[in-house]
Amino acid sequence: MDGVANYYQKGLDLAEAGRHKEALEYIQKYLLGTPNDGQAVNDAGAILHCLGRSEEAIDYFRKAKTLLPDSAEVLWNLIEAYLATGKAKHVVGFFDEMAHKGILSPDVMNRTANILLESGDKANAVETLLRSLQMASDQDILKPMIEVVRSKRPKVAFFCGLTGDVKFLNDIYTFIEQRFQVRFVESRDIKQIYEAMKWSDISWFEWCTDLVVEASKLPKVCKSIVRLHAFEAYGNWPASVHWENIDKLILVGNPYVKQALLRQVPALEARTEVVTIPNGVNLQRIKFTARPKGKNLACIGYLHCGKNPMFLLQCMQKLHYIDSQYKLFFAGVFQDRRLEQYMRHMVRVLDLAEVVFFDGWQDDINAWLRDKHYIVSASLGESQGMGILEGMACGLKPVIHNFPGSDQIFPSEYLFNISEEFCGQVCDANYEPEKYRRFVEERYPLDKQLNSINKLFLKFESEIEAGNAAVACST
């Protein structure tokens with residue numbers, strides 16, 4: 001064994017004997033000649049940590065991590081040094097990598113959360129506790145801790161501008177409820193709405209309807225968020241909103257919806273802050289099936305003229321002429337009696353009674369989609385097209401009428417302009433369920449939407465706390 005290598009072994013032996021100061025000297029001598037030995041750099045950091053010099057140890061562990069990026073041992077040592085020096089926020093950033101390496105544990109997360117709470121970082125503390133509880137749900141002691149943290153964070157009131165239509169709000173509400181104090185206000189009485197707004201620090205209005213118009217006229221008592229989907233932009237409500245009393249307007253994504261909105265309210269972006277946060281698909285609820293190519297087409301959503309189901313009948317008439325085995329199934333209820341009368345009439349006169357089916361509202365969309373192979377839409381316009389995305393997440397091939405802005409949401413290969421193109425896409429031999437699912441996973445996962453919303457709430461929380469601190473200082 002040469003002299004340099006002997007320094008390293010001597011250092012390890014001294015460390016084993018508990019003589020850390022002498023061990024460090026020998027390993028540092030070794031590193032003078034071999035500075036890129038990742039294991040030796042890690043060992044030097046471990047000895048410094050044992051000596052209570054964790055700040056210095058961090059530098060060694062960080063260097064060791066660049067030299068040995070796949071080492072779970074180095075990452076674990078770095079985490080312990082960060083915790084020892086109170087740098088819990090740094091630890092949070094490594095949770096995903098720790099999980100990937102199999103070293104993330106409730107104990108580490110709980111210790112991290114305690115340090116975060118001591119430093120007043122309620123946001124990261126509650127995220128860490130929730131993740132720990134998700135990993136080990138039997139930790140009953142964490143639940144009251146989370147409640148205490150929630151009680152110290154802003155209060156949030158939710159309002160729905162379309163009575164009972166909370167399908168796009170449910171996942172958001174559940175997410176916020178786990179982190180903040182919340183109320184869901186069903187009343188449309190303006191006095192009760194005002195009382196709830198006064199109780200809250202942040203008020204969230206789902207759908208930009210008459211409810212938002214009336215609420216925006218009230219004295220400003222909290223931060224306010226309005227989320228507009230699509231159809232509201234083509235009505236009269238946005239022009240009547242007192243936008244100066246709204247702190248954030250969330251749009252879902254289609255640029256043509258924003259274009260229509262700005263035609264109504266040209267100075268909108270000077271009156272409130274407009275942000276775009278696409279909807280996310282809850283992939284845990286949508287079951288994927290690697291299904292074979294088949295002949296059942298699905299259309300999901302309320303049936304009204306904006307969804308343009310009339311055009312789908314024309315498409316199906318041509319498809320039926322090409323291959324009579326194809327069938328179209330609608331999941332949704334009619335919202336227009338005249339449209340329903342027309343649709344049922346055209347099914348008869350086009351001789352499609354054995355081809356087109358109206359199955360009504362579906363409580364279990366996974367079960368309904370189980371024997372379907374295509375998700376189709378002839379809509380005049382969508383904010384995003386959640387029914388299409390849910391179908392794709394199940395593994396169905398999308399066939400989508402080229403509505404304004406559709407090419408900003410979906411790949412152009414799935415769009416059609418005329419019924420002949422519709423038939424061509426359906427009959428095409430190309431059928432790739434995994435590809436359709438992967439598109440949704442990569443572009444529109446629920447986590448991505450919720451993270452964006454959480455950032456918005458964290459910004460509000462910071463502003464609220466800063467305002468409260470300023471008031472306290474002035475009294």
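Reference entry: report on the structure contained in this document.

Conventions used here
- Residues numbered from 1 in each chain as written.
- Predicted model: local features only at pLDDT ≥ 70, side-chain atom pairs only at ≥ 80, totals over all residues.
- Heavy atoms only, no water.
- 1 Å grid on protein atoms, 1.4 Å probe; cavity = no way out; pocket = protein on both sides within 12 Å on 5 of 7 lines; lining within 4 Å.
- Points joined across faces, edges and corners; volume = space filled by probe spheres on them.
- Nonpolar A, V, L, I, M, F, W, Y, C, P; charged D, E, K, R; others polar.
- Phe/Tyr/Trp six-rings, centres within 6.5 Å; stacked < 30°, edge-to-face > 60°.
- Helix = DSSP H or I, 4+ residues; strand = E, 2+ residues; numbered from the N terminus.
- Buried < 20%, exposed > 50% of the residue type's maximum accessible area, 1.4 Å probe, protein only.
- Pairing = 2+ DSSP bridges.
- Axes fitted to C-alpha atoms, helices over the stretch in contact; angles between N-to-C directions.
- Contact = heavy atoms within 4.5 Å.
- Polar contact = N/O pair within 3.5 Å; in protein donor to acceptor, adjacent residues only side chain to side chain.
- Right-handed = clockwise from strand over helix to strand, strands pointing away.
- Disulfide = S-S within 2.5 Å.
- Core = buried A, V, L, I, M, F, W, Y, C linked by side-chain atoms within 4.5 Å.

## A word on empty space enclosed by the protein
Picture a little ball the size of a water molecule; that probe, rolled over the atoms, points out where space is still empty.
Next, step 1: Inspection of every chain in the model, using the stated rule, returns 1 cavity of 30 Å³ or more.
Next, step 2: Lining the largest cavity are Met197, Phe205, Ala215, Ser216, Leu218, Pro219, Lys220, Val221, Cys222, Ser224, Asn245 and Ile246.
Next, step 3: Of the residues belonging to the lining of the largest cavity, the class tally is 8 nonpolar, 3 polar and 1 charged.

## What to know about the packing of aromatic side chains
Next, step 1: Following the criterion strictly, the structure yields 22 aromatic pairs and no others.
Next, step 2: Here the aromatic rings of phenylalanine 158 and tyrosine 173 are separated by 5.1 Å at their centres, their planes lie at 65 degrees, and the arrangement is edge-to-face. Taken as a pair, phenylalanine 158 in strand β1 (residues 155–160) and tyrosine 173 in helix α11 (residues 170–177) lie far apart in primary sequence, 15 residues in all. Accessibility classification places phenylalanine 158 together with tyrosine 173 in one group, the buried group.
Next, step 3: When the centroid spacing of 5.3 Å and the interplanar angle of 55 degrees are considered together, the rings of phenylalanine 334 and phenylalanine 358 count as tilted.

## With respect to the sheet that holds β1
Next, step 1: What the 6 strands build is an open sheet, ordered β2-β1-β3-β4-β5-β6; its pairing is parallel. Edge positions in the open sheet fall to β2 (181–185) and β6 (273–276), since each of these has one partner strand only. On average, each strand axis in the sheet is tilted by 20 degrees relative to the strand beside it, whichever way the strands run.
Next, step 2: One ladder, built from 5 bridges, connects strand β3 (residues 202–206) with strand β4 (residues 223–228); its direction is parallel. Within β4, the position partnered with isoleucine 202 by the bridge is lysine 223.
Next, step 3: This element, α11, spans β1, β2, β3 and β4 of the sheet and lies at about 145 degrees to β2.
Next, step 4: The sheet contacts of helix α12 (residues 190–199) involve β1, β2, β3 and β4, and relative to β1 the element is tilted by about 150 degrees.

## Some points on the side chain of glutamine 139
Next, step 1: Its place among the elements puts glutamine 139 in the loop between α9 (122–135) and α10 (142–151).
Next, step 2: By relative accessible area, which is 13% here, glutamine 139 ends up buried.
Next, step 3: Polar side-chain contacts of glutamine 139 include one of 2.9 Å to the side chain of asparagine 110.
Next, step 4: Polar contacts involving the side chain of glutamine 139 include one to the main-chain carbonyl oxygen of serine 132, which spans 2.9 Å.
Next, step 5: Those residues in contact with glutamine 139 that sit more than four places away from it in its chain are Pro106, Asn110, Ser132 and Leu133.

## Here we look at the pairing of β4
Next, step 1: Of all 6 residues that make up β4, 5 are buried, and the element is covered over most of its length.
Next, step 2: In this fold, β3 hands off to helix α13 (residues 210–216), which returns the chain to β4; that crossover is right-handed.
Next, step 3: As paired elements, β4 and strand β5 (residues 248–251) share 4 bridges and run parallel to each other. Within β5, the residue paired with leucine 228 across the bridge is leucine 251.

## Considerations on the state of the cysteines
Next, step 1: Evaluation of the coordinates by the stated rule reveals 0 disulfides.
Next, step 2: Not part of a disulfide, cysteine 394 finds its nearest cysteine sulfur in cysteine 299, a span of 15 Å.
Next, step 3: According to the relative accessible area criterion, cysteine 394 is buried, its value standing at 1%.

## Observations concerning unusual backbone geometry
Next, step 1: At tryptophan 207, a residue that is not glycine, the phi angle is positive and equals roughly 75 degrees.
Next, step 2: Relative to the assigned elements, tryptophan 207 resides in the loop between β3 and α13.
Next, step 3: Phi is positive for asparagine 308, which is not a glycine, with a value near 55 degrees.
Next, step 4: Inspection of the secondary structure assignment puts asparagine 308 in the loop between β7 (296–300) and α17 (309–322).
Next, step 5: With a relative accessible area of 10%, asparagine 308 lands in the buried category.

## Section: the environment of leucine 262
Next, step 1: Relative to the helices and strands, leucine 262 resides in helix α15 (residues 255–264).
Next, step 2: Given a relative accessible area of 24%, leucine 262 falls into the partly exposed group.
Next, step 3: Leucine 262 has contacts with Leu268 and Glu269, leaving out every residue within four places of it along the chain.

## Side note on the nonpolar core
Next, step 1: By size, the foremost hydrophobic cluster in this structure holds 55 residues, and its most contacted members are Leu297, Leu328, Val376, Leu389, Met392, Phe410 and Phe422.
Next, step 2: Excluding anything up to four places from it in sequence, leucine 297 contacts Met316, Leu319, Tyr326, Lys327, Leu328, Phe329, Tyr374, Val376, Phe422 and Val426.
Next, step 3: If you look at the next biggest cluster of nonpolar residues, it comprises 35 residues, including Leu14, Leu48, Phe61 and Leu75.

## Let's talk about the layout of surface pockets
Next, step 1: Taken as a whole, the second largest pocket spans an internal volume of roughly 1200 Å³.
Next, step 2: Considering the residues around the second largest pocket, the lining is formed by 35 residues, among which Glu127, Phe175, Arg179, Asp447 and Asn451 are closest to the centre.
Next, step 3: Looking at the lining of the second largest pocket, its residues break down into 11 nonpolar, 12 polar and 12 charged.

## Concerning helix α20 (residues 386–394)
Next, step 1: The buried fraction of α20 amounts to 8 of the 9 residues, a majority that puts the element mostly inside the structure.
Next, step 2: All of the buried residues along α20 are Met386, Gly387, Ile388, Leu389, Gly391, Met392, Ala393 and Cys394.
Next, step 3: Residues of α20 that are buried sit in contact with β7, α19 (365–369), β10 (374–377), β11 (397–401) and α22 (433–443).
Next, step 4: Phi turns positive one or two residues past the end of α20, at glycine 395, with a value near 110 degrees.

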